[in-house]
Amino acid sequence: MDMELRQLRCLVAIVDEGTFTDAALALGVSQAAASRTLASLERALGVRLLRRTSRSVTPTATGLRVVAHARRVLAEADALVREATSGHQVLRIGYAWSALGRHTPTFQRRWAAAHPATELRLVRVNTSTAGLAEGSCDLAVVRRPLEDRRFDSAIVGLERRLCAMAADDPLAGRRSVRLADLSGHTLLIERRTGTTTPELWPPDSRPATEETHDVDDWLTAISTGRRIGMTAESTASQYARPGVVYRPVRDAEPIAVRLAWWRDDPHPATQGVIELLTALYRKA
């Protein structure tokens, strides 16, 4: 079926204006052209959309439903045009579980002050590319390497690994823990976006694992005392939760924080973001 936006615009204009004459004026076409466009839409759909009398034009029951859909389609089409022609006035940065931890508000304020013409939006998308592959963002904060060659990335900082545990866990009384202290626990992991795998432990002392797919579910399970988690320190800054404490794992390697982008279509602000984030992490 070949259906065009001009046909939907014509239908909506006729319904909004009340007559073919007024709709034609609003669309900048002749009344005959408006009539032909509406007739071609009805033929394409195989249904009657409007009732015509000598005095008025009203939608049929089917026409009312089609008009409602047409308005949504036209709004999406207009949004698509704005997005494509915005001149990169908006910068969307995706992230999975946590954005930039304690650096997040500072980054937002400094970006707004230095780049007032480019609106910054942080978008949480729980996928392996933090929304980059899905088109939900222009840049993505990720904490493990992206193997897809369509993307490029740069390390902007390092974060400690922390163990998340229930506040009444015996280990919660310590200032820090070691990997060996955790081997007897059940570890919650997120394989799509997480940075923790059983391979962090020697083969003979790996903890049991269970999978989770959402940070709120992860925290809820940990707060019961039946599970523990391991995560980047940014999670602790962004997701403080009563009943859950975070302790550094002093013998675990730090986590590299990467900024990723499309290799063949980088956002013009990419270098500016890299420089600002690198400065924030270096200062910390």
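Structure: see above.
None of the values given here were measured: they were computed from a predicted structure.

Undergrad: Explanation requested: the nonpolar core in the structure shown.
TA: Side chains of nonpolar character tend, in soluble globular proteins, to be buried together. Grouped together as the largest cluster of nonpolar side chains are 21 residues, with contacts concentrated most on Leu91, Ile93, Phe107, Trp111, Leu259, Val273 and Leu277. Per-element accounting of this core gives the leading share, six residues, to helix 9 (residues 270–283). Contacts of Leu277, omitting those with residues within four sequence positions, involve Leu100, Phe107, Val156 and Leu259. Among the nonpolar cores identified, the runner-up in size contains 19 residues, and Leu11, Val67, Ala70 and Leu74 belong to it.

Undergrad: What should I look at first to understand the packing of aromatic side chains in this one?
TA: Here a ring pair, both rings aromatic, is described through the centre-centre distance and the interplanar angle of the planes. By the definition in use, this model includes three aromatic pairs. Relative to Trp218, the ring of Trp97 lies with its centre 5.1 Å away and its plane at 70°, an arrangement referred to as edge-to-face. In this pair, Trp97 is assigned in the loop between strand 3 (90–95) and helix 5 (104–114) and Trp218 in helix 7 (residues 215–223), connecting sequence segments 121 residues apart. Relative accessible area serves as the criterion here: at 12%, Trp97 is assigned to the buried category. Both rings, one in Phe107 and one in Trp111, keep their centres 6.3 Å apart while their planes meet at 45°; by these two values the pair is tilted. Of this pair, Phe107 and Trp111 are both found in helix 5, four residues apart, which corresponds to roughly one turn of the helix. Its relative accessible area of 0% is what places Phe107 among the buried residues. Trp111 gets classed as buried once you look at its relative accessible area, which sits at 2%.

Undergrad: Where do I start with the packing of helix 1 (residues 5–17) against helix 4 (residues 61–84) in this structure?
TA: When two helices pack together, their arrangement is given by the angle between the helix axes and by the axis-to-axis distance. One way to put it is that helix 1 packs onto helix 4 with a least axis distance of 9 Å and a crossing angle of 125°. Judged by the inter-axis angle, helix 1 sits oblique to helix 4. Here the hand of the crossing between helix 1 and helix 4 comes out left-handed. Contacts between helix 1 and helix 4 involve Leu5, Leu8, Arg9, Leu11, Val12, Val15 and Asp16 from the first element and Val66, Val67, Ala70, Arg71, Val73, Leu74, Ala77 and Asp78 from the second. Here the contact of helix 1 with helix 4 is built from residues that sort into 11 nonpolar, no polar and four charged.

About the criteria used
- One numbering rule holds for all chains: residues counted from 1, following each sequence as written.
- Per-residue local features are limited, in this predicted model, to residues with pLDDT of at least 70; the limit for side-chain atom pairs, both in listing and counting, is 80 or more; totals at the level of whole chains, interfaces and linings are taken over all residues.
- With hydrogens and water set aside, each side-chain value is computed from the structure's full complement of heavy atoms.
- Only buried Ala, Val, Leu, Ile, Met, Phe, Trp, Tyr and Cys residues count toward a nonpolar core, and they belong to the same one when joined by side-chain atoms within 4.5 Å.
- Exposure classes here rest on a 1.4 Å probe applied to the protein chains alone. A residue is buried below 20% of its type maximum, exposed above 50%, and partly exposed in between.
- Starting at the N terminus, helices and strands are each numbered in turn, a helix being any DSSP run of H or I of at least four residues and a strand any DSSP run of E of at least two.
- Contacts between residues were defined by any pair of non-hydrogen atoms, one from each residue, lying within 4.5 Å.
- Stacked, tilted and edge-to-face pairs are distinguished by plane angle, under 30 degrees for stacked and over 60 for edge-to-face with tilted covering the rest, among Phe, Tyr and Trp rings (Trp via its six-membered ring) whose centres lie within 6.5 Å.
- For helices, the fitted axis covers only the stretch in contact; all axes are lines through C-alpha atoms, and the angles between them, taken along N-to-C directions, range from 0 to 180 degrees.
- Comment on the angle field: the value is read as roughly parallel under 35 degrees, roughly antiparallel over 145, roughly perpendicular from 65 to 115, and oblique elsewhere.
- The sense of a crossing depends on the near helix, which, turned anticlockwise from the far helix by less than a right angle, makes the crossing left-handed and, turned clockwise, makes it right-handed.
- Ten residues, namely Ala, Val, Leu, Ile, Met, Phe, Trp, Tyr, Cys and Pro, are considered nonpolar, four, namely Asp, Glu, Lys and Arg, are considered charged, and the remaining ones, Gly among them, are considered polar.

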